[in-house]
Amino acid sequence: MTTLSAPADTRRRRAKSSGGVTNLWTATPLTKIVIAVTLVVSAFPLYWMLVIASRTNREATDIPPPFLPGGNLGANIQRVLSNPDAHYMAGLTNSVLIACTVTLSVVLISTFAGFAFARLRFRGGRVLLLLVLVTMMVPLQQMGIVPLYRLMVSLEWVGTLKAVILPYLLNGFGVFLMTQYTEQAVPNELVEAARVDGASTLRIWWNVILPAVRPGMAVLGINTFMLTWNDFLWPLIVLTPDNPTVQVAINSLNAKYGTDYVLIFSGTAMSILPLIVVFVVFGRQIIGGLMEGAVKA
């Protein structure tokens, strides 16, 4: 036992001495340049949004344009919040509520369904999974928007948040993703061992499946939150102007006789803050899960 555990102890000590990650590959100068250029290109739109959001409309349309942030960000944010046509704070609150509810529902249901399809044997399981895959091939947003709206009218949900939340509580892509991830991350022997120990199906899902598929849940959570947060067409159709989501509220910031770029950029800058928070939280879960798997390997 001592001989077998020695290499693992040595790897842990080396990982700790190198900051937690074993240095197996050294980046070449060309690789560093490519990474730096990619970071600059990816971050420049966010930086440019901040620059315009902190300027006046006259400065934003100057030639050449300004490349440094100005000092009007606070005043522009105040203009966004006080805009009578946008209802920005109501839209921001609605978007947080909708995105969090939909994300939580999609992740939990998809994880449980993925566990059922991947590690439970029941009649018709493959047929049901095939039906889930079929739903991914049909553009429901475009083909189903008219019957879905008629359904909302029949239920008298038009103008309420229920009309935006309930149609998206389940996601076919999420079920497929978690099914594939569970098959790869959770050995069947581990589930059988837990069942031999007397664990129920719900206990296996909670104590065995969830810790193993945490990185997959984080990926699904980020993807679902971003798609729900950025959804524009369905909230625009089914919600009223005084009870919008944040994307509809940003669209309402347009002036009647022109485009107020500073106002739109300021509202957009405020709207991406929840996305950054979600990415930081879930991103740590992804990295933590990957590093945990690497140490175990």
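The preceding data block contains the structure.
No experiment lies behind these values; they were computed from the predicted model shown. (Residues numbered from 1 in each chain as written. Predicted model: local features only at pLDDT ≥ 70, side-chain atom pairs only at ≥ 80, totals over all residues. Heavy atoms only, no water.)

## With respect to the overall build of the protein chain
Here is the rule we go by: Note on conventions: DSSP H or I runs of at least 4 residues are helices, E runs of at least 2 residues are strands, and numbering of each starts at the N terminus. In this scheme, a residue with accessible area under 20% of its type's maximum is buried, one over 50% is exposed, and one in between is partly exposed, where area comes from a 1.4 Å probe on protein chains only. Any two residues whose heavy atoms approach within 4.5 Å are treated as being in contact. Only the protein chains shown count as covering a residue, and every accessible area follows the Shrake-Rupley method with a 1.4 Å probe.
Helices and strands together make up the secondary structure of the protein chain, namely 17 helices and 0 strands. For the protein chain, the proportion of its 297 residues judged to be buried stands at 34%. Expressed as a percentage of contacts within the protein chain between residues at least 6 apart in sequence, the contacts between residues at least 24 apart total 73%. Surface exposure of the protein chain reaches about 18,200 Å², of which carbon and sulfur atoms provide 68%.

## With respect to the packing of aromatic side chains
Here is the rule: In this scheme Phe, Tyr and Trp rings, the latter by its six-membered ring, pair at centre separations within 6.5 Å, and the angle between planes marks the pair as stacked below 30 degrees, edge-to-face above 60, and tilted otherwise.
Under the criterion given, the structure shown has 7 aromatic pairs. Seen from their ring centres, Trp-48 and Phe-67 are 5.9 Å apart, and the 50° between their planes marks the pair as tilted. Of this pair, Trp-48 sits in helix 2 (residues 29-53) while Phe-67 sits in the loop between helix 3 (57-60) and helix 4 (73-81); the two residues are 19 residues apart in sequence, bridging distant segments of the chain. Phe-67 sits in the partly exposed class, given a relative accessible area of 49%. Considering the side-chain rings of Phe-112 and Phe-115, the 6.4 Å spacing of their centres and the 85° angle between planes classify their relative orientation as edge-to-face.

## Quick look at the environment of Val-281
Within the secondary structure layout, Val-281 lies in helix 17 (residues 273-296). Among the residues examined, Val-281 registers a relative accessible area of 45% and is labelled partly exposed. Residues Val-281 and Ile-222, 59 residues apart in the sequence, show an inter-C-alpha distance of 9.5 Å.

## A few points about unusual backbone geometry
A negative phi angle is the norm for most residues apart from glycine, just as the trans form is the norm for most peptide bonds. Of note in this structure, His-87 is not a glycine but carries a positive phi near 55°. Tracing the backbone through its elements, the reader meets His-87 in the loop between helix 4 and helix 5 (88-119). With relative accessibility at 32%, the residue His-87 sits in the partly exposed group. We note that Glu-156 has phi near 60°; this positive angle belongs to a residue other than glycine.

## Quick notes on the packing of helix 12 (residues 201-212) against helix 13 (residues 214-230)
Packed helix pairs are specified by the crossing angle of their axes together with the interaxial distance, meaning the distance between the axes. What counts, and what does not: Interaxial angles span 0 to 180 degrees and are taken between N-to-C directions of axes, which are lines fitted to C-alpha atoms, for helices over the stretch in contact. When describing relative orientation, an angle under 35 degrees is termed roughly parallel and one over 145 degrees roughly antiparallel, while 65 to 115 degrees is termed roughly perpendicular and anything else oblique. Gly counts as polar in this scheme, as do all residues outside two lists: the nonpolar Ala, Val, Leu, Ile, Met, Phe, Trp, Tyr, Cys and Pro, and the charged Asp, Glu, Lys and Arg.
Orientation of helix 12 relative to helix 13, taken along the N-to-C sense of each, is 65°, at an axis distance of 4 Å. Classified by the angle between their axes, helix 12 and helix 13 sit roughly perpendicular to one another. Every residue of helix 13 that contacts helix 12 at Leu-210, Pro-211 and Ala-212 is listed here: Arg-214, Pro-215 and Met-217. Looking at side-chain class alone, the contact of helix 12 with helix 13 contains 5 nonpolar, no polar and 1 charged residues.

## A look at the packing of helix 5 against helix 10 (residues 172-185)
What counts here: With the far helix as reference, a near helix turned anticlockwise by less than a right angle produces a left-handed crossing, and one turned clockwise produces a right-handed crossing.
The interhelical angle for the contact between helix 5 and helix 10, taken along N-to-C directions, is 50°, at an axis separation of 7 Å. One finds that helix 5 runs oblique with respect to helix 10. Between helix 5 and helix 10 lies a crossing whose hand is right-handed. Where helix 5 approaches helix 10, its residues Ser-110, Thr-111, Ala-113, Gly-114, Phe-115, Phe-117, Ala-118 and Arg-119 are matched on the opposing element by Gly-174, Val-175, Met-178, Thr-179, Thr-182 and Glu-183. Classifying every residue of the contact of helix 5 with helix 10 by side-chain character gives 6 nonpolar, 6 polar and 2 charged.

## A few points about a nonpolar patch on the surface
The line we're drawing: Exposure above 30% relative accessible area and no salt bridge define the residues that can form patches, which grow by joining like charges within 9 Å and nonpolar side chains of Val, Leu, Ile, Met, Phe, Trp and Tyr within 5 Å. Throughout this description, the term salt bridge denotes a Lys or Arg side-chain nitrogen within 4 Å of a carboxyl oxygen of Asp or Glu.
On the surface, Tyr-149, Val-153, Val-158, Phe-232, Leu-233, Leu-236 and Ile-237 cluster together into a nonpolar patch covering about 520 Å² of accessible area. Those elements that place two or more of their residues in the nonpolar patch are helix 8 (145-155) and helix 14 (233-238). Tallying contributions element by element places helix 14 first for the nonpolar patch, with 3 residues. Here Val-153 shows up in helix 8. Its relative accessible area of 44% is what places Val-153 among the partly exposed residues.

## Looking at the nonpolar core
Short version of the rule: As used in this record, nonpolar core signifies buried Ala, Val, Leu, Ile, Met, Phe, Trp, Tyr and Cys residues forming a set joined through side-chain atoms within 4.5 Å.
Formed by 28 residues in total, the largest nonpolar core has its most connected members in Ile-204, Ile-209 and Val-238. What Ile-204 contacts, discounting residues up to four positions off in sequence, is Phe-115, Val-191, Ala-194, Arg-195, Ala-199 and Ile-209. Residues Ala-86, Ala-249, Met-270 and Val-278 belong to the second largest nonpolar core, which totals 16 residues.

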